[in-house]
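Spelled out from the first residue to the last, the chains are:
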Amino acid sequence: MSIFDDRRYLIPFCSRLLPQLFTDSLIIGGGVAGMRGAIEAAMHGNVIVLAKGPLDLSNSQVAQGGIAAALAQEDSTQEHFHDTMTAGAGLCEHHAVRVLVEEGPREIERLIESGMRIDRAQCGAPSLGLEGGHGRPRIVHSDGDMTGRELMRTLCASVKETPGIRLFDRCFALDLCVDPQGRVAGALTWHPKHGLQVIWSRATILAAGGAGQVYRETSNPRVATGDAIAMAWRAGAVIRDMEFMQFHPTTLYIAGAPRHLISEAVRGEGAIIVDRSGTRIMVARHPQGDLAPRDVVTRGIVEHLAQSNESHAFLDARSIGSAGFANRFPGLAATLAGYGIDAGRDLIPIHPAAHYTVGGVQTDVDGRTNLPGLFACGEVASNGVHGANRLASNSLLEGLVFGRRAVLASVRESLPDPVPMQWESRVRTSVAGELDLDDVRSSLRSAMWRNVGIVREGAKLRDCLDMFSFWGRYALGTVFETPEGWETQNLLTVGHLMTRAAGERRETRGSHVRTDWPDVDPDGAFHISWVRSDASARRERVGEDVASTSS
Ligand code: SIN
């Protein structure tokens, strides 16, 4: 048994000695899925929402492009379905995608009814952007490229004015409580002011986002450390499709600067990807050229850079013009100006970076996990909607649709009232020599980027697993008292799960590229999953999940 299968809790504790809180719904995560879920949950009982950082620090908040939905007269949910399935490279669950595209437009109407401002054309119809993999413009956006900010403003305002919702920011969820009947009954949390607390809940809903920080190069904010995936793993949830991490093709590539996202919508407005000599990289590689699905564009860029021995490519947005760019992408124009770049005049240096965790906690279309009482939605979940590669701007939509559905399912289950139980953990520590935690974290992120990144190879994946087990013997054999330590333990766990899954999938599909298995396996349309108690991987063919028909 590996160290990652052995460790059940991050810290030793005894619930009897800790402050205890009670709630009907405990929502772990304060991004779009968590906030949407909280609004729904408050109609049925009281709610606690935990956010690890300040509320304005989430992937949802920084989302640029927007929310995909078939709103245009000439568009249809069937076309949105088709584009999502195509991007997903044979691994999407049909039923989940149907739910997404059919329930999506109503979710956007609800947001507008709640006061969300969206950009509109002169005739008053929503102004719709175009992004990679979409057959037509269908991306709803706000304030040009600040959709996430307006979306979260709207959801947070609704949450704050809804009675019965308590919002705890800067609150770290460490571990889930599973009662003797196997039901999830709440979580152990830590807050810098209040210390450790136990929150007992009727239903626990994971909505804590992804794990982009496991990579050195990422568009994700620093909070995206995969804590909920690691916590669910320790509690015995099935973790699925972890080999699929989506790399966004265009993030700003300036030494020392964060990898700011340069929205695909910029290409939707006419920008093209070129190399140093001005040669177009995508035009001969795919019929959709610069607007091919994200995995195709990312792969095209890294292949071209490898062949030409160059470090990065460029986005040429000069056709949009300085004024046009500032008008359509005010947030990006300001960011670029900070680095002395005027997109109407200068080429923008870009390189792909880790962007979206496609895999996660396995759920059905109602957010149910294999553990009664535990639900998951948004980026932390693997409900089959994204297959092997997520279609652009389907993630905010997923958070909205499945945040609501997970809560409705939890209400329908009529789960018993939260009852405090004697819950304690004794952590076995190891005698492994001490390592520098910051160094482990940055070495892990570099190793993931080099070996489990855009292009993978079996021998390197195996080396990585050995390295992670070595670091794990120290990091998971130690008790830490701060979020930095817990995050590193969670990052190692998630990195291990991703590497294991990448080694198990012997083909190239969607965002998972193997140089030693360069082709799509015609028989490879299955999901790969694990539970902590069972060392062998499970394979489940696409379409075999139990489709719930409730809404
Ligand atoms: C973008 O604006 O390119 C990102 C949107 C997404 O991740 O779907």
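Everything below is about the structure shown above.
**So, the packing of helix 4 (residues 77-87) against helix 5 (residues 94-113)**
Running from N to C, helix 4 and helix 5 point in directions that differ by 135°, and their axes come no closer than 9 Å. Regarding the angle of helix 4 to helix 5, the classification is oblique. Relative to helix 5, helix 4 is oriented so that their crossing is right-handed. Between helix 4 and helix 5, the residues in contact are T77, Q78, H80, F81, T84 and M85 and H94, V97, R98, V101 and E102, respectively. Taken together, the residues of the contact of helix 4 with helix 5 sort by class into four nonpolar, five polar and two charged.

**Observations concerning unusual backbone geometry**
Even without being glycine, A89 reaches a positive phi, approximately 55°. With respect to the helices, strands and loops of the structure, A89 is situated in the loop between helix 4 and helix 5. Its identity as a non-glycine residue notwithstanding, S393 has a phi of 65°, on the positive side. For S393, the position within the fold is in the loop between strand 18 (381-382) and helix 12 (395-412).

**With respect to helix 5**
The terminal C-alpha atoms of helix 5, which comprises 20 residues, lie 30 Å apart, in line with the 28 Å expected from a rise of 1.5 Å per residue. Most pronounced at G104, the bend in helix 5 amounts to some 35°, and the proline P105 follows within four residues. Those residues of helix 5 that fall on the buried side of the exposure criterion are A96, V97, V99, L100, V101, E103, G104, P105, E107, I108 and L111. Residues of helix 5 that are buried sit in contact with helix 2 (32-41), strand 4 (67-68), helix 4, strand 6 (139-140), helix 6 (147-161) and helix 12. Directly after helix 5, the chain includes G115, whose backbone phi takes a positive value near 110°.

Reading the values: rules and limits
- Residues numbered from 1 in each chain as written.
- Predicted model: local features only at pLDDT ≥ 70, side-chain atom pairs only at ≥ 80, totals over all residues.
- Heavy atoms only, no water.
- Axes fitted to C-alpha atoms, helices over the stretch in contact; angles between N-to-C directions.
- Helix = DSSP H or I, 4+ residues; strand = E, 2+ residues; numbered from the N terminus.
- Parallel < 35°, antiparallel > 145°, perpendicular 65-115°, else oblique.
- Left-handed = near helix turned anticlockwise from the far one by under 90°.
- Contact = heavy atoms within 4.5 Å.
- Nonpolar A, V, L, I, M, F, W, Y, C, P; charged D, E, K, R; others polar.
- Expected span 1.5 Å × (residues − 1).
- Bend = angle between axes of the 7 residues up to and from the residue.
- Buried < 20%, exposed > 50% of the residue type's maximum accessible area, 1.4 Å probe, protein only.

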